[in-house]
Each structure stands twice: as C-alpha cells, then as structure tokens.
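Below are the chains, spelled out letter by letter.
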Amino acid sequence: MTDETTGISRRGLLVHGAGAVTGSALLGTLAGPLPRAEAAPRQGSAEKVVLRDDFSRIGGWERQGVILSRSLPWESSLMQDPCLVYGEGGGPLFRMWYGSLHAVGYATSGDGVHWTKAADPVLRPTLPSESNALNQPSVVHQDGRWHMTYFGVAGDGNGQIHYATADDPAGPWEKHGVVLTSTMPWEDRWIYNSSLMYDAAARLWKMWYTAGKIASAGGEPEYICYATARTPAGPWTKYPGNPVIRPMDDGGWASLGVGGSNVRRLGNGDYETRIVGWQADYPSRGGRLTSRDGIGWRLDRTAMDLDLGVADGPEDRMIYRQFVVEHEGREYLYYNTKNHLPEWTETINLAIRNDRLEIIDPAKWCMTQDWQVPNGASFEVRDGCAVSLGNAPDGHGQTLQGNVRIDSLDYAVSASVTPVSERVADRDNVLLARFTDRDSYYYAGIASWGNEYAIGVMANGVNTKLAGVGAASDIRTGETHRLRFTLNGSRLDLHDDDRIVLSVVDPTLIPARSFVGLQTSTHTGRAKFGEVSVTARPGRRT
C-alpha cells in the first residue's frame, strides 16, 4: 500500500478517522515556502540551549565483541551475569564467575580479553531452594576467603539469595543456604541479582539486590533494594526505605523496570552502580548511577550509557547485567547480551572505555526502530551526522528518542536533514517534539504523508496528519534541509532554511516537560541528521 510516487509511508497506512484535523484549527496553512522576507525570526539570545549535538567524537564504550559463549557440555545457551575479582588473591589477574541458568562457571584471564574456562561448574543445584535455577553470582575476596551470594529458585518458584564460601576461587564451595528472601508483597517472591560488598571502614557487609517482577516481561526485574549485615551469612537487615531505585515511569529506557545492579566504590568514596533498564516488556539497556552513600541514587534518561547495537548485529535485542573493572588505566565492561538470532542465545561480551568514539551519545539519544515497540537500533555516526541505516525490520520506523528532558512548553528543535534514499517513500524524515512516551508526540518534516512538508500528531497511539503542503517527490535525494520545528503554545511552525513552510494550531499535547527525537519513518529509509539543537524560552512552562 506504500505509494512510490506520493511517498506515503507507514503514516498513510494508519486510520486517522473522519477529518484529519478535527479539533485543530489550521492557521494559515501555506501552499508552499514563504519568501525570505516573510520568514519568522531566528531564536533570540534570551533563549537557552537545552540540547546540542554535532555528532562529533565522544567518550563511550568501544565494543570488543563476544569473549565467552557456550562451549562446555554443562552450559546452556544462556551465558549470564558476569562477576569479576581483579588482582586479588594471587594467581590470574582476572577471575570471572558467570551463570548459565542451572549452574555457576569459573574462568580466568591474564589480559581480560582471552579467557580459560574451568571444565566443570563450581556450583550446581543440590538444595531444594535452588532446584529450578542457580545463577547470578557475586563474589568478594575478604581475609583470605572467597564469599559468594547467588540466586536460587525453588520448585515452587520462590527466588531467593543464597550464600557460599571457599578457600580457593575455583572451589570447592561450601553452601550455607538462603540468606535473603521476600518479606513484602511487592517483592513477588523474587529476590535476585545480588551485588555483595564489604565496607572495611564501617565493618559492615552491604548488598544491593533486585526485587519484584515485570509480569508482562516474563519476570524481568522491577526494583533495586539494599540490605546490610555484620557477617555475610546474615542475618541481613533490609533498608526500611526500599526500594532505593525505582523505574522512571516516563517512557524512557528504564521506564518499566530496573535491575542487575553491580556496585563498586570509586576513588573519591562515592558508590557507582551499573544497572539494567527496561523501557517496556523489552528491550533492556545499560546505565550508570552514582551515590554518596549507596542509598540515594538519581535515575533519569541521561544515565543510560550502553545502548543496543545496530539491527541484525550481535547486541540488537537486549543488554543485560554489566560489571566494570579497571585495568592498566582503562575501564573494562563485561556484560551479557542477547543477539538477533531466533533462538534465545546470550553471550558474555566486552567493551572498553574510549575517550574518542564515533557513536550515538547514549546520554542524549536512545536508539529504537519503531514508534510502538523498540527492537534493536539502526543509526551510526558518520562524518558528523547520525545516519539511519535503513535496515530495520519491515514496518518499523527508525527513531532516535531523546534522553535530555526539556522542562518547557515552548521550544524549538532544529536539525539538518539530508535524505539519502532514492525511493521517494523512503525520504520521509521528521523531527519529533513534545514527546512524552512512544504513543504521544508531535512531528514535522519532509516527504511525510506524501507531502513535501507535513506536520502531524501521535496522540495515545492515534496518528493524525495536521497539515501538509507540496508533493513528496519535490524532496530530492542528497539535498540538505535545515529544518526547525517551533512550538509556541498551540501553534506549531515548520521552517526550512529560515523560511516558514507550514503552520498549524493544535491543542492536543500541552505537556509541562517532554523530549525530542529524530526519525526516518520507513524501515528501509536512509538519511543524515546533523547539527541538532533544542532552544527553549525560560519561564514558558505549563
């Protein structure tokens, strides 16, 4: 049903009811671009730059690929939740324990890249409380002993944290049974993802752990909690203000659930935790939080720092639990991930911190492939632009969803947009504004709805064209458009190269705070987005 000549993309396939502009008064909808003399003025000096991105090189995680995958008879296809101890206890510099659904494995390395696995697991299920699953180790070396907390699931589905000790990191490990279990209804009989730490100054053992289930996501984690004990065998006292980290509930990358904490102390005494965030049922991505006391944490969209990989790559479905160690002055990040293959396969991967990378800044953008269900990513940075790759699944748009919150009703989002695709339908590229979740935002841009320029609204999942002018075929491949989408109360203006080309009044979305985005609206479309900025006028809030 896509029309090659009109360029109508998936927007035109949605039913938008009787009267596309019902409830919206078109204010001088223009038949074409106004001459420069009638252009609206540029943003004034009183306006504040809220977001700017020229897609230059930034610091980030440079992915090194898979370092551990299934290779031993006892391992399942799920290689999960790496935990490391670095440079302690003599012997190999790197030690890693990892889960594989029903057992915990052990591996060592001298450089952090090449690993040797122990042939047999160091822990197998032997207790009734771990008969259904045993994984997710967290290990601390203290006073010559090795201490491990791990996750076990009983036959009745009760998930709890267990404790074991060893004189040798490769075992044998002596089990001491369950040390932490559910005591509150919201914990859902599902206590797991423990992160164990000994605070020598306080002479106190500390543990961060996940509690609760996202029912729609098959039991993925919902909250992060905290507990303390004088000995790792317990008794453990749960923090009365639990959970200490809750989902954001704003449509962002950690909106539905958080989990997978791995906590370490930084040189300045602060606590750092790696977390996993769920935007919806799936996918999951990685983030970093810091705290002065290990209890008060601030989570927002800009905390994300490990996004999915590009579509059909080895990391395009889920990013799971992450663990950081410092080696030779650089941070090494170990994490498990699910790839694009039909069967459920997880591997343990490595990324190394690099101060100069050509990557999408995860603190500014979250890569998705669809306005409804995120699933992988389809953008790369090339020559100072974010480039949509045109390799999304059929029927999925390609979106950079903003992670920087705009605390203003009135603002303007600007970007240079250059369609690369030859097919007219694939030149549909828009700027998103007043984005509050995946089902509610305004958009404006080129080759949209079969028009040269169009403005539309997605409200509670219903897509409506508000205004359009010209023909999509007037948008040329390789021709750069300097778009600016301005929102002032209910008035929405689209500019191209300082000329106002379309204007409409629509009162549908009036949020006090929101986000912006960039979108190539067809799954095969390719385009370059550059010189992105968001400017807002102080004081104009709802």
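Keep in mind the model is a prediction, meaning the values are calculated, not measured.

Quick notes on the rules
- Throughout, a residue's number is its position along its own chain's written sequence, starting from 1.
- Restriction of local features to residues with pLDDT of at least 70 applies here, the model being predicted, together with a cutoff of 80 or more for giving and counting side-chain atom pairs; totals for whole chains, interfaces and linings are based on all residues.
- Hydrogens and water molecules were not included; the side-chain quantities draw on all heavy atoms of the structure.
- Note on conventions: DSSP H or I runs of at least 4 residues are helices, E runs of at least 2 residues are strands, and numbering of each starts at the N terminus.
- Exposed residues in this analysis have more than 50% of their type's maximum accessible area, buried residues have under 20%, and partly exposed residues fall in between, with area computed by a 1.4 Å probe over protein chains only.
- Contacts between residues were defined by any pair of non-hydrogen atoms, one from each residue, lying within 4.5 Å.
- For the area figures, the Shrake-Rupley method with a 1.4 Å probe applies, and any residue is considered shielded solely by the protein chains shown.
- We call a set of buried Ala, Val, Leu, Ile, Met, Phe, Trp, Tyr and Cys residues a nonpolar core when their side-chain atoms join them within 4.5 Å.
- A side-chain nitrogen of Lys or Arg and a carboxyl oxygen of Asp or Glu constitute a salt bridge if their distance falls within 4 Å.
- The quantity called pLDDT is the predictor's confidence in a given residue, expressed from 0 to 100.
- Following DSSP output, two strands are said to pair if at least two bridges run between them.
- Only C-alpha atoms enter the line fits that serve as axes; for helices the fit covers just the stretch in contact. Angles between N-to-C directions range over 0 to 180 degrees.
- Counted as positive: Lys and Arg. Counted as negative: Asp and Glu. His and the chain ends are not counted at all.

(A) Geometry of the overall build of the protein. Scanning the protein from terminus to terminus reveals one helix and 35 strands. Residue burial in the protein is summarised as follows: out of 542 residues, 60% are buried. Across the protein, every contact between residues at least 6 apart in sequence was considered, and the portion connecting residues at least 24 apart equals 60%. Per element, the accessible surface of the protein, about 20,600 Å² overall, is 49% carbon and sulfur.

(B) Representation of the nonpolar core in the model. Of all hydrophobic cores here, the largest spans 48 residues; its most connected members are Ile360, Trp365, Ile455, Phe485 and Leu518. Considering each element in turn, this core owes the most residues, five residues, to strand 35 (residues 527-536). Counting 34 residues, the second largest nonpolar core, distinct from the first, contains Trp74, Val85, Ala107 and Leu350.

(C) Here's a closer look at the pattern of salt bridges. One pass over the structure, following the stated rule, counts 27 salt bridges. One salt bridge in this structure joins Glu315 and Arg63, with 2.2 Å as the shortest N-O distance. You can see Glu315 sitting in the loop between strand 18 (304-306) and strand 19 (318-327) and its partner Arg63 sitting in strand 2 (residues 58-68), a full 252 residues away along the chain. When its relative accessible area of 33% is taken as the criterion, Arg63 is described as partly exposed. Residue Arg292 pairs with Asp270 through a salt bridge whose shortest N-O separation is 2.2 Å. With Arg292 in the loop between strand 17 (284-291) and strand 18 and Asp270 in the loop between strand 15 (257-265) and strand 16 (271-278), this pair connects stretches of sequence that are 22 residues apart. Residue classification places Arg292 among the exposed positions, given a relative accessible area of 63%. Note on Asp270: relative accessible area 13%, which makes it buried. Connected via shared salt-bridge partners are Arg264, Glu272, Arg288, Glu326 and Glu331.

(D) View of the confidence of the model for the protein. Summing up the model confidence of the protein, the mean pLDDT is 90 and the portion of residues at 70 or higher is 89%. Note that pLDDT drops below 50 for residues 1-44; the model gives that stretch 100 contacts with residues more than four away or on any other chain.

(E) Unusual backbone geometry, seen in detail. Here the amide bond leading from Gly234 into Pro235 is cis, since omega sits at 5°, within 30 degrees of zero. Mapped onto the elements of the fold, Pro235 is located in the loop between strand 13 (220-229) and strand 14 (237-238). Along the chain, Asn242 connects to Pro243 via a cis peptide bond; the corresponding omega equals -5°. Tracing the chain through its elements places Pro243 in the loop between strand 14 and strand 15. A positive phi is found at Asp497, a non-glycine position, where the angle reads about 55°. On the secondary structure map, Asp497 appears in the loop between strand 32 (491-496) and strand 33 (499-505). Look at Asp497 and you get partly exposed, because its relative accessible area is 33%. Even without being a glycine, Glu531 presents a positive backbone phi close to 50°. Along the polypeptide, Glu531 turns up in strand 35.

(F) Up close: the sheet that holds strand 18. An order of 15-16-17-18 is seen for the four strands of this open sheet, with the pairing classed as antiparallel. Of all strands in the sheet, those with a lone pairing partner are strand 15 and strand 18, marking the two edges. The average undirected angle you get between the axes of adjacent strands in this sheet is 35°.

(G) How the structure looks around the pairing of strand 35. Counting buried positions along strand 35 yields eight of 10 residues, so the element is predominantly enclosed. In this sheet, strand 35 lies alongside strand 1 (residues 48-53) in antiparallel orientation, the contact comprising five bridges. The residue of strand 35 that forms the bridge with Asp53 is Val532. In the sheet, strand 24 (residues 385-388) pairs with strand 35 via three bridges, with the strands oriented antiparallel.

(H) Examining the side chain of Lys338 more closely. You can see Lys338 is positioned in strand 20 (residues 330-338). Look at Lys338: it is buried, it has no salt bridge, and the nearest opposite charge is Asp316 at 6.8 Å.

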